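For reference, the chains in residue letters:
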Amino acid sequence: MTKPGTHEFRIIRDGEITPADLNVADLGPLLMNLGQAVAGDSKTEFLSLTDVKNKCVSLMFTSSNHLDTEWEELAAYGADPAGVKLSPKRRRACEFVNQFLSNIGSTAELYKSDHKIGAISPKDLPENKGSLITFRSSLYGMLLKVGGKEPKAFIQHREDYLIACDISKELARELAIRLYERVGVKGVGKRDYDTGKIINYQILSILPYQETDPAKAFAFLRANFGNHFAGIDPDEFVQELRTEG
Amino acid sequence: MARTIKVALDTQICIWAVREVLVGGSVDNSEQTISKKEKALALVDCLAREKIEIVIPAVVLAELLVPLDDATSRAFMTAMDSRFEILEFDAYCAVIYGKNYGQGKRDDAKIKTMKDFGITRREMINDHLIVATCVTNKVDCIFSDDQKLRSFCDGLIRARELPDIPMQQRVDGPWEIDRSASAHLKELILGDSQDFL
């Protein structure tokens, strides 16, 4: 039951959605961006509690200030992303929310005082192709989790940067034995044009990379290939390579 | 979780760390050769000791393959691929390349630097490719002994020359990296200082 003056963001999908589908690490960036999508740069607090009922995860927000208009704007974004005027920061945050829902195959319903005022259904939204860059490249990081009904591999690219990668069941099984190791994968993904942040990534193959002490790695190269570089002056070699032509 | 520091090595530093110090079949004892090789090995050792990640941009890998014949190249690739993070030049690197190249054309200070070095923009293509790859992958610092690459990095990413890592000799033992070197190395990579103090 939503109390007057509170806002509810109800994440649903076909079949049951449980807290296991949305752990704290997943919810952190979602909440941060949801907060920015509504409050933007204002200092107004916008607090959340998570509630699980009716096979869906509900995020209940409350605020000491009046954010009803902004909440309605988020609902309006769900109905027509291009039709609502938002600051760049809020728009980027809305796009993140949209992409997050797409990644977990879910829709979000927005409630105000128990009344549904709109929904965000990623599959119905036109993709803003101007702000996302498709790239095909390798990705390295610590493998923290792999599996699920629709398998995902969670790779910690940097400390503050956990990427939920789509992966086939076959590759998920292969990757699972590398849990808590640094891994290298090859795939295709999308980056935000402005920030370079990876929005989504699909693993297509696993690289042979194994984390190695760099001193040992160079010692191996020296022992096996050192003679091939023996007659080369490294500085002159690079100078010639980069200035010829 | 402590923040992982990530550095890229330029081609000449990789070669210094890999090559045998042999010229024309005899040991090359020239001071510069020994010094550069020792510096490169000390840098790699110090980075390894501090668990600082070493990454290799694909353009650097390409340059390393130039002197190798096909069979050796294949074996070298396999060795690199399984031991190092190889940073590819992808579509987003192209975006960064375009931005940097465009800004460079309008940046008077960079134009002056290029004139001072007597180099054309075309001659800096590999430098641009390496820098764009490192910027995209949030590399903290590039170690390079190519002065024009370092000058071009200004304002885009930190670039440092092969540092003089302080060494100390154990009593009746071998030379080893000074214990104070670790903190200084991190300062060099993440701070404003250009020198190893």
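Here the structure is a predicted model, which is why all the values come from computation and not from measurement.

**Considering the overall build of chain B**
1) Next: Within chain B one finds nine helices and nine strands.
2) Next: Within chain B, the fraction of its 197 residues that count as buried is 37%.
3) Next: Contacts spanning at least 24 positions in sequence make up 69% of the contacts within chain B whose residues lie at least 6 apart.

**Description of the interface of chain A and chain B**
1) Next: Each partner contributes residues to the interface: chain A has 42 residues there, and chain B has 43 residues.
2) Next: Those elements that place two or more of their residues in the side of chain A that touches chain B are β6 (132-147), β9 (182-192), α5 (214-225) and α6 (234-243) of chain A.

**A closer look at the sheet that holds strand β4 (residues 53-57) of chain B**
Residues and elements named next belong to chain B.
1) Next: Judged by pairing direction, the sheet is parallel, and its five strands sit side by side in the order β5-β4-β1-β6-β7 without closing on themselves. Of all the strands in the sheet, just β5 (85-87) and β7 (158-160) have a single pairing partner and so form its edges. Each neighbouring strand pair of the sheet contributes to a mean axis angle of 35°, computed without reference to strand direction.
2) Next: Relative to strand β6 (residues 141-143), strand β1 (residues 6-9) runs parallel, the two sharing three bridges.

**Quick word on the confidence of the model for chain B**
1) Next: Looking at chain B as a whole, its pLDDT mean stands at 84, while 83% of the residues score no less than 70.
2) Next: As scored by the predictor, the complex reaches a pTM of 0.68 and an ipTM of 0.87.

**What to know about the pairing of β9 of chain A**
Residue and element names in this part refer to chain A.
1) Next: Bridge count between β6 and β9: eleven bridges; the pairing is antiparallel. Paired with Phe135 across the bridge in β9 is Gly189.
2) Next: Pairing geometry for β9 and strand β10 (residues 198-206), over seven bridges, is antiparallel. Across the sheet, the residue bridging to Gly187 is Ile203, located in β10.
3) Next: Linking β9 back to β10 in an antiparallel pair, the connection comprises five residues, with Gly196 at a positive phi of about 80°.

**Examining the sheet that holds β9 of chain A**
Residue and element names in this part refer to chain A.
1) Next: Here we have five strands rolled up into a closed barrel, ordered β6-β7-β8-β10-β9, and mixed in their pairing. Within this sheet the neighbouring strands show an average axis-to-axis angle of 50°, counted without direction.
2) Next: Strands β6, β7 (152-158), β9 and β10 of the sheet are contacted by helix α4 (residues 169-176), whose axis makes an angle of about 50° with β6.

**Some thoughts on helix α7 (residues 125-136) of chain B**
Residue and element names in this part refer to chain B.
1) Next: A rise of 1.5 Å per residue sets the reference length of α7, with its twelve residues, at 16 Å; its end C-alpha atoms lie 17 Å apart and thus fit the reference within 8%.
2) Next: Within α7, ten of the twelve residues are buried, which leaves the element mostly enclosed by the surrounding structure.
3) Next: Regarding α7, the residues found buried are Asn126, Asp127, His128, Ile130, Val131, Ala132, Thr133, Cys134, Val135 and Thr136.
4) Next: Just past α7, the residue Lys138 takes up positive phi, approximately 55°.

**Some thoughts on the environment of Arg158 of chain A**
1) Next: Relative to the assigned elements, Arg158 of chain A resides in strand β7.
2) Next: Placed 18 residues apart in sequence, Arg158 of chain A and Tyr140 of chain A show a C-alpha to C-alpha distance of 9.3 Å.
3) Next: For Arg158 of chain A, the contacting residues outside a window of four places in its chain are Thr4 and Lys138 of chain B.

**Some points on the pairing of β6 of chain A**
All names here are of chain A.
1) Next: Direction of pairing for β6 relative to β7: antiparallel, over a ladder of five bridges. Bridging from a neighbouring strand, Leu143 pairs with Ile155 of β7.
2) Next: Here β6 folds back onto β7 in antiparallel fashion, the turn holding four residues, of which Gly148 has a positive phi close to 105°.

**Considering helix α3 (residues 88-103) of chain A**
Residues and elements named next belong to chain A.
1) Next: In a regular helix each residue adds 1.5 Å, so 16 residues correspond to 22 Å; α3 covers 22 Å between its end C-alpha atoms and thus fits that length.
2) Next: Of the residues making up α3, those classed as buried are Arg90, Arg92, Ala93, Cys94, Glu95, Phe96, Val97, Asn98, Phe100 and Leu101.
3) Next: Positive backbone phi, at 60°, marks Gly105, one or two positions downstream of α3.

**Looking at the environment of Val135 of chain B**
Residue and element names in this part refer to chain B.
1) Next: Relative to the elements of secondary structure, Val135 occurs in helix α7.
2) Next: Along the sequence, Val135 and Arg158 sit 23 residues apart, while their C-alpha atoms lie 9.8 Å from each other.
3) Next: Here Val135 is in contact with Ile96, Leu156 and Ile157, once residues within four sequence places are set aside.

**A closer look at the packing of α5 of chain A against helix α4 (residues 70-83) of chain B**
1) Next: One can describe the packing of α5 of chain A onto α4 of chain B by two numbers: an axis separation of 11 Å at closest approach and a directional angle of 170°. Regarding the angle of α5 of chain A to α4 of chain B, the classification is roughly antiparallel. In this structure, α5 of chain A uses Ala217, Phe220, Leu221, Asn224 and Phe225 of chain A to contact α4 of chain B, whose residues at the interface are Thr72, Phe76, Ala79 and Arg83 of chain B.
2) Next: Tallied by class, residues from the contact of α5 of chain A with α4 of chain B come to six nonpolar, two polar and one charged.

**Quick look at unusual backbone geometry**
Residues and elements named next belong to chain B.
1) Next: In this model, Lys51 sits at a positive phi of 55°, which is unusual for a non-glycine residue.
2) Next: By the element assignment, Lys51 lies in the loop between α2 (31-49) and β4.
3) Next: Its identity is not glycine, yet Lys138 carries a phi of approximately 55°, on the positive side.

**Observations regarding the confidence of the model for chain A**
1) Next: Averaged over all residues, the pLDDT of chain A is 83; the fraction at 70 or higher stands at 84%.
2) Next: α4 of chain A holds the highest mean pLDDT among the elements of chain A, 96, whereas strand β2 (residues 47-53) of chain A holds the lowest, 67.

**Re the environment of Ser73 of chain B**
Residues and elements named next belong to chain B.
1) Next: Within the fold, Ser73 resides in helix α4.
2) Next: For Ser73, a count of 16 C-beta atoms within 10 Å corresponds to the partly exposed category.
3) Next: Along the backbone, Ser73 and Ala62 are eleven residues apart, and their C-alpha atoms lie at a distance of 9.9 Å.
4) Next: Excluding residues within four positions of it along the chain, Ser73 makes contact with Leu65 and Leu68.

The rules behind these values
Residue indices follow the written sequence of each chain, beginning from 1 at its first position. Chain labels run from A onward and ligand labels from 1 onward, assigned in the order the entries are written. Reporting of local features is limited, given that this is a predicted model, to residues whose pLDDT is at least 70; pairs of side-chain atoms are given and counted only at 80 or more, and all residues count toward the totals for whole chains, interfaces and linings. By definition, any uninterrupted DSSP run of H or I lasting at least four residues is a helix, any uninterrupted run of E lasting at least two residues is a strand, and each is numbered from the N terminus. Any residue with 12 or fewer other C-beta atoms within 10 Å of its own C-beta is exposed, any with 20 or more is buried, and the rest are partly exposed; the C-beta atoms used are placed from the backbone. C-beta atoms are placed from the backbone for every residue, and two residues are taken to be in contact when these atoms lie within 7 Å. Pairing between strands requires that DSSP locate at least two bridges from one strand to the other. Fitted lines through C-alpha atoms give the axes, limited to the stretch in contact for helices. The angle between two N-to-C directions lies from 0 to 180 degrees. pLDDT measures the predictor's confidence residue by residue and takes values from 0 up to 100. To estimate how far a helix should extend, the number of its residues minus one is multiplied by 1.5 Å. Geometric relationships in this document are graded by angle, where less than 35 degrees denotes roughly parallel, more than 145 denotes roughly antiparallel, 65 to 115 denotes roughly perpendicular, and other angles denote oblique. Three categories are distinguished: nonpolar for Ala, Val, Leu, Ile, Met, Phe, Trp, Tyr, Cys and Pro, charged for Asp, Glu, Lys and Arg, and polar for the others, with Gly belonging to the last.

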